[in-house]
Structures are given as structure tokens and as C-alpha cells.
Amino acid sequence: MDIGRLHLSSSPALALAPMAGYTDAAFRTLILSRGADMACSELTSASALAYLASGKKTSERAKTLSIIKSAAIEKSKRAFDGIQIFGSKPAEVEVAVNFILAKIDSGECHAKFIDINFGCPAPKVVRNGGGSALLQDMEKVKAIAEAAVDAASAGSLPVTAKIRLGYKTKNNVEIAQTIESSGISALTVHGRTAAQKFSGKSDWKSIGEVVRAVSIPVFGNGDVRTPQDNRAIIEESGCAGVMIGRAVLSNPNLFLQARDFLAKKKFEPITWNQKIEFLSEYIELMPRYDLPFHAALDLAIQLASGFRGSARLRGELMKAKSAEALLEKMEQKSAE
């Protein structure tokens, strides 16, 4: 599969969904080494990036720059890391993309693509006219997508986009065709409307409607929690790839398992020791990306799920004051 100038050797391709508070550069580095073809930063505001580009000082500067740091895969020919942005003004999106290109040119960032978020249903994003709020205005969707594509072309960077099936009602085919006409290279479709948020079941058949309506690669997203789900969404929608989110937080081997299952091989369940190893590797990478302790704590709490006694362990993890203490408490569980 080709996404602009990027060639993904896997088919179907597998991507890590951007998740606020979790998919920092350290986490993406580890997941891209564990079977994912693509990953995206947690979403960041085009307005905030445009503000930084103007040279003005802001208390959010460090946080914003941390979000757009890339995973440590700059020499990889198989896995690709990207930066996801959202915005409601085409001019700000253009400036934001140019800011990212400048960081790439300076060697501060190694992103291989930019993703535009047209699907986030979070109230603070929607209130500002970004994310899924845009699904009600096709002219603005097209203008923002075109602004991103035009700006990114200066660095030969492909632009992808993430959408939902609509805002309150479905207009998934119209959205997808509008985005394709703007020059977007690939599209991820979450199988719910924005109004549904995460309630109900993801509509994989409606993702299939988009697959058949456009010629660019489409990734299916929503309710993919197991290797079996991964194959099922591909079979039901015909999508060229799958984007998986929250299930990876508690099972970082999910992409490897999904690949084995697609190849009709037996996949091995993740072990507790493998979870500890993942957390240990994450902690080792934290200084490289200036990540705070709470990032490791949040990850540890996600990893500590899905077994009897997990609530008690999460309570113990909350008492930890250092990364070393987190690992010690995880290892104590292993010894039980």
C-alpha cells in the first residue's frame, strides 16, 4: 500500500490510533517496534502551533513541542510516525504544517506524514469548531484539507485524515469524497457519528461504504479489541488497513498478535512479564522525550488490567512516587 511517497509493506496495514495522554513519542516508538506500520501523535492544536510559529511566548509551549516530537524510527523503512493536528481555520492549519516542516528540516522532528483530525468529539475541541464539528461543513472541510496538502507538498509530506460517519447523522460518503478531492492520501474512518461518541457499536458496514466510494486507502477504526476483531473489520468493511486504539494500552503486543492471526498462525497471549518489560522500556525512553512521571503512572495503570485483583494493584500503583517504584509493584504482582 502506498500513502503518498510512503510504501507500507504490510497488507492489510496496521496503525496505532492517536490517544490524548498516552501516545507520546516513547509509547509510539515501542508500538512501532511491535508490529504497527504507522502511528500518530496525540492531537495538537493548529492554533497553538501557529502561535508558536509567530514567536510569541506561551505557558503551553513545552507541552505543545513535546506532543510533536517524533518516535525514534527516523531510519526505519517499514514503520512511519506522524503528527496529528486539528483546527477550524485553513490559514492556521497552513501555518501549523509549515511549522512542523521547519522542525523536520532542522532535524528536531522526524515525522513522515501529517494527519488532520476531523473526527474528535471532545467538547473542548468541538466548541472551538475543530474535530468532528467540521463534519457539518463540507466547504470548510475541503478548505482545511487543501490548506494542509498544499503546505505539506513543500516537504513532499503526505497528508492523511481521520473522520467519523458524520456529526449527528451519517454523511460518511460525502465527507470521504470531499476529503479525497482535496488531495488527502489516506483516510481513517471511525464507525460512529460524533453524537454517539463511544456509545453503541462501531458500524463497520458504513466504513465499507467509504471504502467503495473512494480510491485512496481507507483504515477502519472502532471496537477493535482483539486479533479476531481485527480480521472481522477487514472482512466486513473491505478496508485496506485497521487503526487500533485503547486495546493496545493494556495489550501492547496486540499488533503482533493480529499479524499472526491474519497469517493463520497461533498467536500467544501477552504475559505479565511482557507487560513489565514494556513498561521498563518505556521508562528508559522517558528522558529522551522529557516525559513526566505521571506518563509512566498512567501507562502502568492501563497495563494493570484484565485480571483478578487488578483494582487492588492499580490502587497500589497510585501510591508510587517514582518509576522504579512502579516497576517494583508490577514485579511483586508477578511473584504472587
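Bear in mind that the values here come from a model prediction, so they are computed numbers and not experimental data.

Chemist: Could you give me a rundown of helix α14 (residues 310-318), with the residues and numbers involved?
Modeler: For the α-helix, the turn length of 3.6 residues means that residues three or four positions removed from each other point alike. Among the residues of α14, those classed as buried are S310, L313 and L317. Looking straight down α14, one finds that the buried residues subtend no more than 60 degrees of arc, so they occupy a single side. Away from the buried face of α14 by more than 90 degrees, exposed residues A311, R312 and M318 are located.

Chemist: Run through helix α7 (residues 172-181), naming residues and quoting values.
Modeler: Looking only at α7, the buried set comprises N172, I175, A176, T178 and I179. Buried residues of α7 fall within an arc of 165 degrees about the axis and therefore sit on the same side. As for α7, its buried residues are in contact with α6 (138-152), β8 (159-163), β9 (186-190) and α8 (204-213).

Chemist: Describe in detail the pattern of salt bridges, supporting the description with residues and values.
Modeler: Per the stated rule, a full pass over the model turns up 13 salt bridges. Two residues, K142 and E146, come together in a salt bridge whose shortest N-O distance is 3.2 Å. One end of the pair is K142 and the other is E146, both in helix α6 and 4 residues apart, which spans about a single turn. The exposure class assigned to K142 is partly exposed, which follows from its relative accessible area of 27%.

Chemist: An account of the packing of aromatic side chains is needed here, citing residue identities and associated values.
Modeler: Scanning the model with the defined rule gives 2 aromatic pairs in all. Taking 5.7 Å as the distance between ring centres and 80 degrees as the angle between the ring planes, the aromatic pair formed by F27 and F278 counts as edge-to-face. Here F27 is found in helix α1 (residues 25-32), whereas its partner F278 is found in helix α12 (residues 272-285), with 251 residues between them in sequence. Take F27 and F278: they sit in the same class, and that class is buried. Ring plane angle 80 degrees and centroid distance 5.9 Å describe the contact between F261 and F267, whose orientation is recorded as edge-to-face. On the basis of relative accessible area, F261 is assigned to the buried category, the value being 17%. In this structure, R164 is placed above the aromatic ring of F198, and the distance from its NZ or CZ to the ring centre is 4.9 Å. Here K201 stacks its cationic end above the ring of W204, 4.2 Å away from the centre of that ring.

Chemist: Tell me about the nonpolar core, and name the residues and values.
Modeler: Core analysis: the biggest nonpolar cluster contains 95 residues, and I85, F118 and Y282 have the highest contact counts within it. In terms of residue count, the dominant contributor to this core is α6 (8 residues). Residue contacts for I85: discarding those within four places in its chain leaves T44, L49, V93, A96, V97, I100, I114, D115, I116 and N117. Judged by nonpolar contacts, the second largest core, of 13 residues, contains I3, L6, A15 and M243.

Chemist: Residues and numbers for the pairing of β9, please.
Modeler: Counted residue by residue, β9 has 5 buried out of 5 residues, so it is predominantly covered. Residues A186, T188 and H190 of β9 are buried on one face, and the alternating residues L187 and V189, pointing to the opposite face, are buried as well. For β8 and β9, the ladder comprises 4 bridges, and the chain directions are parallel. Across the sheet, residue T160 finds its bridge partner in β9, namely A186. With respect to chirality, the unit in which β8 leads through α7 into the neighbouring parallel β9 is right-handed. Pairing geometry for β9 and strand β10 (residues 218-221), over 4 bridges, is parallel. By the bridge assignment for β10, H190 is matched with N221.

Chemist: Can you tell me about empty space enclosed by the protein, naming the residues and giving the values?
Modeler: Per the stated rule, a full pass over the model turns up 1 cavity of 30 Å³ or more. Of the volumes computed, that of the largest cavity is approximately 120 Å³. If you trace the largest cavity, you find 17 residues lining it, with M38, F113, T160, T188 and M243 closest to the centre. Going through the elements one at a time, β3 (13-16), β4 (38-40), β7 (113-117), β8 and β9 are the ones with two or more residues in the lining of the largest cavity. A class-by-class count of the residues in the lining of the largest cavity yields 13 nonpolar, 3 polar and 1 charged.

Conventions and cut-offs
- Residues numbered from 1 in each chain as written.
- Predicted model: local features only at pLDDT ≥ 70, side-chain atom pairs only at ≥ 80, totals over all residues.
- Heavy atoms only, no water.
- Buried < 20%, exposed > 50% of the residue type's maximum accessible area, 1.4 Å probe, protein only.
- Helix = DSSP H or I, 4+ residues; strand = E, 2+ residues; numbered from the N terminus.
- Arc of directions from axis to C-beta.
- Contact = heavy atoms within 4.5 Å.
- Salt bridge = Lys/Arg side-chain N within 4 Å of Asp/Glu carboxyl O.
- Phe/Tyr/Trp six-rings, centres within 6.5 Å; stacked < 30°, edge-to-face > 60°.
- Lys NZ or Arg CZ within 6 Å of the ring centre and 35° of its normal.
- Core = buried A, V, L, I, M, F, W, Y, C linked by side-chain atoms within 4.5 Å.
- Pairing = 2+ DSSP bridges.
- Right-handed = clockwise from strand over helix to strand, strands pointing away.
- 1 Å grid on protein atoms, 1.4 Å probe; cavity = no way out; pocket = protein on both sides within 12 Å on 5 of 7 lines; lining within 4 Å.
- Points joined across faces, edges and corners; volume = space filled by probe spheres on them.
- Nonpolar A, V, L, I, M, F, W, Y, C, P; charged D, E, K, R; others polar.

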